[in-house]
Number of protein chains: 2
Amino acid sequence: MSRTAIATKKVTIRDVARLAEVSYGTVSRYLNGNEHVSTDAARRIAKAIEESHYTPNKAARSLAQQRTSTVAFIVQVESIATLLQASTAAAMAEANQTLGDAGYQMVTLIANSEDSTQRIAQLVQSDFADGYLLFSLSEDDSLINIFRTAHRPVVLSEASDRSTAVSYPAVDFANADGQCSITRYLLDQGKIRLAYVCGPGYSPSSSKRLHGFKQAMGAYFDDSHVYYADDWEIASGEMAAVEFQPMLHDLDGIVCANDNIAIGVINQLRRFGYRVPEDIAVTGFDDSPIATMMDPKLTTVRQDSWLHGRVMSQLLLRMLHGEVVDHQTVKLLPTEIVTRQSA
Amino acid sequence: MSRTAIATKKVTIRDVARLAEVSYGTVSRYLNGNEHVSTDAARRIAKAIEESHYTPNKAARSLAQQRTSTVAFIVQVESIATLLQASTAAAMAEANQTLGDAGYQMVTLIANSEDSTQRIAQLVQSDFADGYLLFSLSEDDSLINIFRTAHRPVVLSEASDRSTAVSYPAVDFANADGQCSITRYLLDQGKIRLAYVCGPGYSPSSSKRLHGFKQAMGAYFDDSHVYYADDWEIASGEMAAVEFQPMLHDLDGIVCANDNIAIGVINQLRRFGYRVPEDIAVTGFDDSPIATMMDPKLTTVRQDSWLHGRVMSQLLLRMLHGEVVDHQTVKLLPTEIVTRQSA
DNA sequence: CTGTTAGCGCGTTCAC
DNA sequence: GTGAACGCGCTAACAG
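For clarity, every value in this text was computed on a predicted model and none was experimentally measured.

> Just checking my understanding: could you explain the domain arrangement of chain A for this structure?
All names here are of chain A. The domain boundaries assigned to chain A delineate domain 1 (3-64), domain 2 (70-170 + 306-331) and domain 3 (175-303). A C-alpha centroid distance of 30 Å is found between domain 2 and domain 3. Of the residues lining the interface, 9 residues belong to domain 2; the matching set on domain 3 comes to 8 residues. Summing both sides of the interface, domain 2 and domain 3 together bury roughly 640 Å²; the carbon and sulfur share of this comes to 47%. Taken together, the links from domain 2 to domain 3 amount to 0 salt bridges. Run the count over domain 2 and domain 3 and you get 2 residue pairs in polar contact (both at pLDDT 80 or more). Counted by class, the side of domain 2 that touches domain 3 contains 3 nonpolar, 2 polar and 4 charged residues.

Structure below.
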């Protein structure tokens, strides 16, 4: 009972004022770094805060200054399992970190159903966050429109190719460049008879990567050598290899839209009796953790997902600080080819 | 300009009241499901809300009713990379989902430094969330104490072995049971000369798993056959195998504290020329995604991380609904041994 | 059943 | 430099 007054009730700004013998208006000024506070008062207030263990109430502060110090990270995925992918998790973690260091809390919202999308739209309308990070793996427009009425900054995780009514600044990887580079890497080795396994059609990244491949192939490009997968998973890679079977003996390599697909392709190729990379070279995209766990280790295009999350939030932070950023702004993050064993 | 009144200014509850021709107190009652609203008024209010696109302001509501409809998921990790682990990511995703369905937003807080821990403590004091999920992979007490003054429900992700001053309900896996079972599985095959690779000492799960191993081994347990790793990573498994090298030819199997370590052990064993499982059987723990990607596929103890996140949040939700839960409550989630190729 | 009113805790003019 | 008062948008308790 001799402990420092077991504060059973909430201590408010008034309590602090009383303790410091000033009006609570002064305390408020002190808290918000206003110039007009005598050093003497400041000292007393600091002491009072210390003693009373005062912490400003977040809701009240939000209400008064119309800011929440919260940023929403909205992930749009078909399956919630996507959140386990290293690229998503890394971007989320780093965004969280960056925003946290800047004094913002990050709330993660998952849009994977009608219901959840509806809930999120409601939330956005209720002004519960100061800004939004839209991490979308599909190009579904339903979500992008909920920000129209909330006049708050938004940053997208992918550059949209088609021009929608509304647009926001985006941070994306140089997908085309990456795929182009790794294709050239194969070509330079004389492996010119190449096939391509494309990612799902709904994904912008998917088409950009295909575009990079086309670019590198130039006149050699042959659409009959492209398999269009329905998703980014291993199984799709296996199906692709099956599809390619008739022409396999005429192929020098297979360029894949991502690592998972590449793994599937390699697995199936092996079952068909082909050696990788001796008979057929295979490349991936992402440089996900499994790329180095495979045998052979994957030659792939590396993209830094941590960087993705960081740059997205840095851009958002600048907007939150009042900087005006053109809606059309697109920051392209570099990719890098990592040569290992599979090609 | 003929559009439905381009609402440039925030529409408040008063606007709705005016439109519906009732006092805003009535609108508030309507919004909060209060009985005492005539069906006629209700209809008019509903219409007004519809037309005005009204959405209650979250901060104001939080301030008035002293609830935020927010839950904080606090992850305590040494390295932020831990967030990439499937078990962590899955628990987070499922908790998010479960809480979201119940109308709560989940904000993720990462405690990985002095600074961040300090920030989080501040936040908790500022009453910014209604409840807390503490997902801790270490048994650092610094965080557990920040909830003392915030009189809000807390659920832990691990049962603490040592009795701390404060304690909260916890949801954990039957770690000991799992490791005990899989060890018995080996013993039953006549593989009785077993070594153990233990996880890092700071982790309760780590010691619980070791305990399960001891339990199964009974009198056969020999501490010189235990390697104590510093972390949960692949490299530690490799080091363990190196350490065990002199006794390898006398071993039937190696039980590992988790999948990563098991993979490291297998890799190193191969380099030494041992076949798995023919010469030496190896088991993991977690059943992480890589367990099936390895060759040989890992025989391991499966734990459902999604379930972990779900049960934790369900428990928290019940507490948020007013149910009183004993601080000492520990819900143990079942584990299951999955036999594949490595043992 | 409904209108009125007093807070919730804090920011922000204003005079002084 | 400082205090008083009002407002943020909404809830809840109280009359009526």
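Read on, since the account is not over.
> Explain the protein's contact with DNA strand D here, please?
Around DNA strand D sit 26 residues, and of these Ser23(A), Thr26(A), Ser38(A), Ile13(B) and Tyr54(B) come closest. Within the backbone of Asn57(B), one N or O atom sits 3.1 Å away from a phosphate oxygen of DNA strand D. At the level of elements, α2 (24-31) and α4 (58-65) of chain A together with α1 (13-20), α2 (24-31) and α4 (58-65) of chain B are the ones that each hand at least two residues to the surface near DNA strand D. Among the elements that take part in the surface near DNA strand D, α2(B) stands out by supplying 4 residues, more than any other. Grouping the constituent residues of the surface near DNA strand D by class yields 12 nonpolar, 10 polar and 4 charged.

> Help me out: how do you make sense of the protein's contact with DNA strand C in this one?
In the vicinity of DNA strand C, 28 residues are found, and the nearest of them are Ile13(A), Tyr54(A), Ser23(B), Thr26(B) and Ser38(B). Of all DNA strand C atoms lying within 4 Å of any protein atom, the proportion belonging to sugar or phosphate reaches 59%. At 3.0 Å from a phosphate oxygen of DNA strand C is found a main-chain nitrogen or oxygen belonging to Asn57(A). Residue Ser23(B) places a main-chain N or O atom 2.8 Å away from a phosphate oxygen belonging to DNA strand C. Elements supplying a minimum of two residues to the surface near DNA strand C: α1 (13-20), α2 and α4 of chain A together with α2 and α4 of chain B. Looking at the surface near DNA strand C residue by residue, the class counts come to 12 nonpolar, 12 polar and 4 charged.

> Where do I start with α4(B) in this structure?
Count 3.6 residues to each turn of an α-helix, and residues three or four apart come out pointing the same way. Those residues of α4(B) that fall on the buried side of the exposure criterion are Lys58(B), Ala59(B) and Ser62(B). Buried residues of α4(B) fall within an arc of 100 degrees about the axis and therefore sit on the same side. In this fold, the buried residues of α4(B) make contact with α4 and α6 (114-125) of chain A together with β1 (70-76) and β2 (105-111) of chain B. Phi turns positive one or two residues past the end of α4(B), at Gln66(B), with a value near 55 degrees.

> Even after reading the chapter, I still don't get the sheet that holds strand β6 (residues 194-198) of chain B, so can you show me in this structure?
Sheet strands pair via backbone hydrogen bonds, and the direction of the pair is either parallel or antiparallel. Residue and element names in this part refer to chain B. Ordered by their spatial adjacency, 4 strands build an open sheet running β7-β6-β8-β9, and the pairing between neighbours is parallel. What marks the edges here is a single partner per strand, and that holds for β7 (226-228) and β9 (281-283). Going from strand to strand, the sheet's axes swing by 15 degrees on average, the running direction of each strand aside. With respect to the sheet, helix α8 (residues 204-217) is in contact with β6, β7 and β8 (253-256), its orientation differing from that of β6 by roughly 170 degrees.

> Whenever I open this one, the relation of the copies chain B and chain A confuses me. Can you help?
The two copies are related by a screw motion: chain B maps onto chain A through a turn of 180 degrees and a shift of 0.0 Å along the axis, at an RMSD of 0.2 Å. Look at the turn and shift together and you get a two-fold axis relating the two. For chain B, the minimum C-alpha distance to the rotation axis belongs to Val107(B) and amounts to 2.0 Å. Here 100% of the interface residues in chain B have copies in chain A that are interface residues too; the copies meet face to matching face.

> Would you explain the environment of Tyr24(A) in this entry?
Residues and elements named next belong to chain A. Within the fold, Tyr-24 resides in helix α2. Residue Tyr-24 is classed as partly exposed on the basis of its relative accessible area of 40%. In this structure, Tyr-24 is in contact with Ile-13, Arg-14 and Ala-17, ignoring residues within four places of it in sequence.

> I keep staring at the side chain of Asp286(A) and nothing clicks. Help me out?
Residue and element names in this part refer to chain A. Tracing the chain through its elements places Asp-286 in the loop between β9 (281-283) and α11 (290-293). Its relative accessible area of 18% is what places Asp-286 among the buried residues. In terms of polar contacts, Asp-286 uses its side chain to reach the side chain of Gln-303, at 2.9 Å. Apart from residues lying up to four places away in sequence, Asp-286 is in contact with Arg-209, Asn-258, Asp-259, Thr-300, Val-301, Arg-302 and Gln-303.

> It is not clear to me how the environment of Arg18(B) should be interpreted in this structure. Could you clarify?
Relative to the assigned elements, Arg18(B) resides in helix α1. Between the C-alpha atoms of Arg18(B) and Gly131(B), which are 113 residues apart in sequence, the distance is 36 Å.

> How should I be thinking about the packing of aromatic side chains in this particular structure?
The geometry of an aromatic ring pair is captured by two quantities: the separation of the ring centres and the angle between the planes. Residues and elements named next belong to chain A. In total, this model carries 13 aromatic pairs over all chains according to the counting rule given. Ring centres 5.1 Å apart and planes at 45 degrees place the aromatic pair Tyr-132 and Phe-147 in the tilted group. Remark: Phe-147 occurs in the loop between β3 (131-136) and β4 (154-156) and Tyr-132 occurs in strand β3; sequence separation between them is 15 residues. Here the aromatic rings of Phe-147 and Tyr-168 are separated by 6.1 Å at their centres, their planes lie at 85 degrees, and the arrangement is edge-to-face. Here Phe-147 is found in the loop between β3 and β4, whereas its partner Tyr-168 is found in the loop between β4 and β5 (170-173), with 21 residues between them in sequence. Of the residues examined, Tyr-168 reaches a relative accessible area of 12% and is grouped as buried.

> Which parts of the structure should I look at to understand the interface of chain B and chain A?
Interface size, as often reported, equals the accessible area lost upon joining of the parts. Contacts between the two partners involve 40 residues from chain B and, on the opposite side, 40 residues from chain A. Interface of chain B and chain A: buried area, both sides summed, is about 3,500 Å²; carbon and sulfur atoms make up 63% of it. Looking at the side of chain B facing chain A, the largest losses of area belong to Thr55(B), Leu84(B) and Met293(B), adding up to 15% of the total buried there. The tally of links between chain B and chain A comes to 2 salt bridges.

> Explain the packing of helix α7 (residues 175-188) of chain B against α8(B) to me, please; I cannot follow it from the model alone.
To characterise two packed helices, one gives the angle between the axes of the helices and the distance between these axes. Residues and elements named next belong to chain B. Where α7 meets α8, the closest approach of the two axes is 7 Å, and the angle between their N-to-C directions is 35 degrees. Here α7 runs over α8; the crossing is right-handed. Along the contact surface, α7 presents Asn-175, Ala-176, Gln-179, Cys-180, Thr-183, Arg-184 and Leu-187, while α8 presents Ser-205, Lys-208, Arg-209, His-211, Gly-212, Phe-213, Gln-215, Ala-216 and Met-217. For the contact of α7 with α8, the residue count by class is 6 nonpolar, 7 polar and 3 charged.

> What am I meant to see in the state of the cysteines here?
Here, disulfide denotes a covalent bond that connects the sulfur atoms of two cysteines. Residue and element names in this part refer to chain A. What the rule picks out here adds up to 0 disulfides over all chains. Cysteine Cys-256 is unpaired, with the sulfur of Cys-198 as its nearest cysteine sulfur at 11 Å. The buried category is assigned to Cys-256, whose relative accessible area is 0%.

> Help me understand helix α10 (residues 259-271) of chain A, please; the structure alone is not making it clear to me.
Residue and element names in this part refer to chain A. In this model, α10 (13 residues) spans 19 Å end to end at C-alpha, consistent with the 18 Å of a helix rising 1.5 Å per residue. Burial analysis of α10 places 10 of its 13 residues in the buried class, the great majority of the element. Within α10, burial applies to Asp-259, Asn-260, Ile-261, Ala-262, Ile-263, Gly-264, Val-265, Ile-266, Gln-268 and Leu-269. Looking at the buried side of α10, the elements it contacts are β6 (194-198), α9 (234-244), β8 (253-256), β9, α11 and β10 (300-302). Phi for Gly-273, located one or two positions after α10, is positive at around 90 degrees.

Parameters and conventions
- Residues numbered from 1 in each chain as written.
- Chains lettered and ligands numbered in written order.
- Predicted model: local features only at pLDDT ≥ 70, side-chain atom pairs only at ≥ 80, totals over all residues.
- Heavy atoms only, no water.
- Domains from an automatic or database assignment.
- Contact = heavy atoms within 4.5 Å.
- Buried area = accessible area lost by both parts, 1.4 Å probe.
- Salt bridge = Lys/Arg side-chain N within 4 Å of Asp/Glu carboxyl O.
- Polar contact = N/O pair within 3.5 Å; in protein donor to acceptor, adjacent residues only side chain to side chain.
- Nonpolar A, V, L, I, M, F, W, Y, C, P; charged D, E, K, R; others polar.
- Near = heavy atom within 4 Å.
- Helix = DSSP H or I, 4+ residues; strand = E, 2+ residues; numbered from the N terminus.
- Buried < 20%, exposed > 50% of the residue type's maximum accessible area, 1.4 Å probe, protein only.
- Arc of directions from axis to C-beta.
- Pairing = 2+ DSSP bridges.
- Axes fitted to C-alpha atoms, helices over the stretch in contact; angles between N-to-C directions.
- Least-squares fit on C-alpha atoms with pLDDT ≥ 70 in both.
- Phe/Tyr/Trp six-rings, centres within 6.5 Å; stacked < 30°, edge-to-face > 60°.
- Left-handed = near helix turned anticlockwise from the far one by under 90°.
- Disulfide = S-S within 2.5 Å.
- Expected span 1.5 Å × (residues − 1).

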